[in-house]
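Here is what each chain is made of, one letter per residue.
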Number of protein chains: 2
Amino acid sequence: MAQRPKTRDRIVLESLALFNTQGERNVTTNHIAAHLGMSPGNLYYHFRNKQEIIAELFALYEARVDSFLRLPEGREVTVEDKTFYLESLLAAMWDFRFLHRDLEHLLESDTELAARYRLFAQRCLDHAQAIYRGFVSAGIMLMNAAQVEALTLNSWIIVTSWVRFLCTTRGEGADISQDLLRRGIYQVLALEGGYLAPEVRPAVKELYEKLYVPLDQVVPN
Amino acid sequence: MAQRPKTRDRIVLESLALFNTQGERNVTTNHIAAHLGMSPGNLYYHFRNKQEIIAELFALYEARVDSFLRLPEGREVTVEDKTFYLESLLAAMWDFRFLHRDLEHLLESDTELAARYRLFAQRCLDHAQAIYRGFVSAGIMLMNAAQVEALTLNSWIIVTSWVRFLCTTRGEGADISQDLLRRGIYQVLALEGGYLAPEVRPAVKELYEKLYVPLDQVVPN
């Protein structure tokens, strides 16, 4: 029989759900307690304030990204790994979409989180660059070192800016659907378009088709 | 003899300078008036509030971008045009850097500006796409229609997210130098890396070298 989740975990999961659907700024610790049918006092016993809940959610996000954003051990990367990386990224973005929407605001109000984010960003850039280099070594992509560096940075910016781009172009209250995020992942894949080795293009084309969402669904005219 | 700028223009220019150097959020209309050695009353005679000054600055920015982000008339685009577009973009980003840093905050607090921004974004995407198509027609770039569309969107996101990327990775109070913006423009050019026709690569390589700023100056380790 499944064990009932501990109170602390229930608070974290409910907060994540509320932040994702209603936006972090619109959710107070009182809302969270009410949704869990617990007293604010009980919530404060576990977390002193919303900032502490956010820090815990960020740690979960960080662990999640660290778990997949790495080269496979003991073998070369393959075209199938590309699908794995992009789908893992899409799932992480979706599950923690409030972080992508409210990041700047969150970092401004918590200098410790901001410092932690900077280390996380640096680590992601290092790992992503190692992965792109792996695709070059495996003959899947054709790039020189400067191109790998620029591509890595562009990928990072597209991934971390996509949700905000959706908000500024669609209006602040815009709902973020999984389809809209999928187009963001398509954009990341599109960054590599010119660097694919001819023999892998058919396989990657399938991936493009799987991720494609028409632009007029993203930027309404 | 040069005519002394009108009071209204002096307010606009001084506001732009203060917003750029100190951040829009840290500058009040009282600061602006004090810097111009005028009474707040005199400033309010010209602008009812800071929002009106920002709207006027946004209109100037919009006019500036609209003036260069278009295909040349009556001739094909050339590789030299690529330099022109990127340098114009760099100059506009520099001159109006507060807009890039504080955009989301500005749009949140002014729904009229947000609606105007959305039209501007759509227009920029349309024109940028036409320009990339022009480079394809001129044989300078080799892309299919889907690649042009994805590249256009990625360029827009890199341009509009670059300053914010600098702030989140370098810390909020980070000074934005012209060198740091130059690396952003390099990143935009890098998006095209895989799509250049072989015969234009030497010319574009020069442009890369001109725009290059080492990554460790951008993301301090």
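Cut-off values and rules
- Residues numbered from 1 in each chain as written.
- Chains lettered and ligands numbered in written order.
- Predicted model: local features only at pLDDT ≥ 70, side-chain atom pairs only at ≥ 80, totals over all residues.
- Heavy atoms only, no water.
- Helix = DSSP H or I, 4+ residues; strand = E, 2+ residues; numbered from the N terminus.
- Buried < 20%, exposed > 50% of the residue type's maximum accessible area, 1.4 Å probe, protein only.
- Contact = heavy atoms within 4.5 Å.
- Areas by Shrake-Rupley, 256 points an atom, 1.4 Å probe, with all protein chains shown as cover.
- Lys, Arg positive; Asp, Glu negative; His and termini not counted.
- Charge placed at Lys NZ, Arg CZ, Asp CG, Glu CD.
- Salt bridge = Lys/Arg side-chain N within 4 Å of Asp/Glu carboxyl O.
- Disulfide = S-S within 2.5 Å.
- Domains from an automatic or database assignment.
- Buried area = accessible area lost by both parts, 1.4 Å probe.
- Polar contact = N/O pair within 3.5 Å; in protein donor to acceptor, adjacent residues only side chain to side chain.
- Least-squares fit on C-alpha atoms with pLDDT ≥ 70 in both.
- Axes fitted to C-alpha atoms, helices over the stretch in contact; angles between N-to-C directions.
- Parallel < 35°, antiparallel > 145°, perpendicular 65-115°, else oblique.
- Nonpolar A, V, L, I, M, F, W, Y, C, P; charged D, E, K, R; others polar.
- Phe/Tyr/Trp six-rings, centres within 6.5 Å; stacked < 30°, edge-to-face > 60°.
- Lys NZ or Arg CZ within 6 Å of the ring centre and 35° of its normal.

Asks: Mind showing me how you'd approach the overall build of chain A here?
Replies: A tally of helices and strands in chain A yields eleven helices and zero strands. Referenced to the eigenvectors of the C-alpha coordinate spread, the extents of chain A come out at roughly 60 × 45 × 40 Å. Expressed as a percentage of the 221 residues in chain A, the buried residues total 53%. Considering only intrachain contacts with a sequence separation of at least 6, the fraction spanning at least 24 residues in chain A is 72%. For chain A, the exposed surface amounts to about 10,200 Å²; the carbon and sulfur share of it is 53%. Of the charged side chains in chain A, 24 are positive and 28 negative; the average position of the first set lies 3 Å away from that of the second.

Asks: Please explain the pattern of salt bridges as it appears in this structure.
Replies: When the charged atoms of two side chains lie near each other, side chains of opposite charge can form a pair. All names here are of chain A. Under the counting rule described, the total for this entry stands at 30 salt bridges over all chains. The salt bridge partner of Arg-8 is Glu-56, with a shortest N-O separation of 2.4 Å. Of the two residues, Arg-8 is situated in helix H1 (residues 7-22) and Glu-56 in helix H4 (residues 50-68); the sequence distance between them amounts to 48 residues. For Glu-56, a relative accessible area of 26% translates into the label partly exposed.

Asks: Please explain the environment of Leu18(B) as it appears in this structure.
Replies: Residue and element names in this part refer to chain B. Secondary-structure assignment places Leu-18 in helix H1 (residues 7-22). In this structure the C-alpha to C-alpha distance between Leu-18 and Ala-92, which are 74 residues apart in sequence, comes to 16 Å. Excluding residues within four positions of it along the chain, Leu-18 makes contact with Gly-23, Val-27, His-31, Ile-32 and His-35.

Asks: Help me out: how do you make sense of the state of the cysteines in this one?
Replies: Simply put, the disulfide is a covalent bond whose two ends are the sulfur atoms of two cysteines. Inspection of every chain in the model, using the stated rule, returns zero disulfides over all chains. Among the cysteines around Cys167(A), which has no disulfide bond, Cys167(B) carries the closest sulfur, lying 18 Å off. Look at Cys167(A) and you get buried, because its relative accessible area is 1%.

Asks: What's the story with the domain arrangement of chain A in this structure? I'm lost.
Replies: The accessible area lost on association of the parts is a frequent measure of interface size. All names here are of chain A. Taken domain by domain, chain A comprises domain 1 (1-48) and domain 2 (55-218). Measuring from the centre of the C-alpha atoms in domain 1 to the corresponding centre in domain 2 gives 29 Å. The interface of domain 1 with domain 2 comprises eleven residues on the first partner and twelve residues on the second. Buried surface at the junction of domain 1 and domain 2, summed over both partners, amounts to about 1,000 Å²; 55% is from carbon and sulfur atoms. Summed over the three residues of domain 1 that lose the most area to domain 2, namely Leu-16, Asn-20 and Glu-24, the buried surface amounts to 50% of that side. In this structure, the connection of domain 1 to domain 2 is made through one salt bridge. At the junction of domain 1 and domain 2, the tally comes to seven residue pairs in polar contact (both at pLDDT 80 or more).

Asks: Looking at this structure, I do not really get the interface of chain B and chain A. What am I missing?
Replies: On the side of chain A, 43 residues touch chain B, which itself brings 43 residues to the contact. With both chains or domains summed, chain B and chain A bury close to 3,500 Å², and 56% of this area falls on carbon and sulfur atoms. For chain B, the biggest contributors to the area lost against chain A are Glu104(B), Leu153(B) and Thr168(B); these three give 15% of the whole. Connecting chain B to chain A are six salt bridges.

Asks: I'm lost on the relation of the copies chain B and chain A in this one. Help?
Replies: Comparison of the two chain copies shows a relationship of rotation about an axis with a shift along it. Of the transformation superimposing chain B on chain A, the axial component is 0.0 Å and the angular component is 180°, with the fit at an RMSD of 0.0 Å. The relationship between the two copies is best expressed as a two-fold rotation axis. Taking C-alpha positions as the reference, the residue of chain B nearest the rotation axis is Gly194(B), at 1.8 Å. Comparing interface residues between copies, 100% of those in chain B also lie at the interface in chain A; the contact surface is shared.

Asks: Please explain the packing of helix H4 (residues 50-68) of chain B against helix H5 (residues 79-95) of chain B as it appears in this structure.
Replies: Residues and elements named next belong to chain B. As a packed pair, H4 and H5 sit with axes 10 Å apart at the nearest point and diverge in direction by 175°. Taken together, the axis directions place H4 and H5 in an arrangement best described as roughly antiparallel. On H5, the residues touching Tyr-61, Arg-64 and Phe-68 of H4 are Phe-84, Tyr-85, Ser-88, Leu-89, Ala-91, Ala-92 and Asp-95. Across the contact of H4 with H5, the residue classes break down as seven nonpolar, one polar and two charged.

Asks: Please explain the packing of aromatic side chains as it appears in this structure.
Replies: Two numbers describe a pair of aromatic rings. These are the distance of the centres and the angle of the planes. According to the stated counting rule, one finds 28 aromatic pairs over all chains in the structure shown. On the basis of an interplanar angle of 70° and a centroid distance of 5.2 Å, the ring pair of Tyr186(B) and Tyr212(B) is categorised as edge-to-face. Of the two residues, Tyr186(B) is situated in helix H9 (residues 178-190) and Tyr212(B) in the loop between helix H10 (201-211) and helix H11 (215-218); the sequence distance between them amounts to 26 residues. Residue Tyr212(B) is classed as partly exposed on the basis of its relative accessible area, which comes to 34%. By way of ring pairs, the aromatic residues Phe58(A), Tyr61(A), Phe96(A), Tyr117(A), Phe120(A) and Trp156(A) are connected into one cluster. For the cation-ring pair, Lys82(A) lies above Phe135(A), with the distance from its terminal atom to the ring centre recorded as 3.8 Å.

Asks: What exactly am I supposed to notice about the side chain of Asp102(A) here?
Replies: All names here are of chain A. With respect to the element layout, Asp-102 can be found in helix H6 (residues 97-108). Although Asp-102 is buried, it forms no salt bridge, and the closest oppositely charged side chain is Arg-25 at an N-O distance of 4.2 Å. Setting aside its immediate chain neighbours within four residues, Asp-102 contacts Gly-23, Glu-24 and Arg-25.

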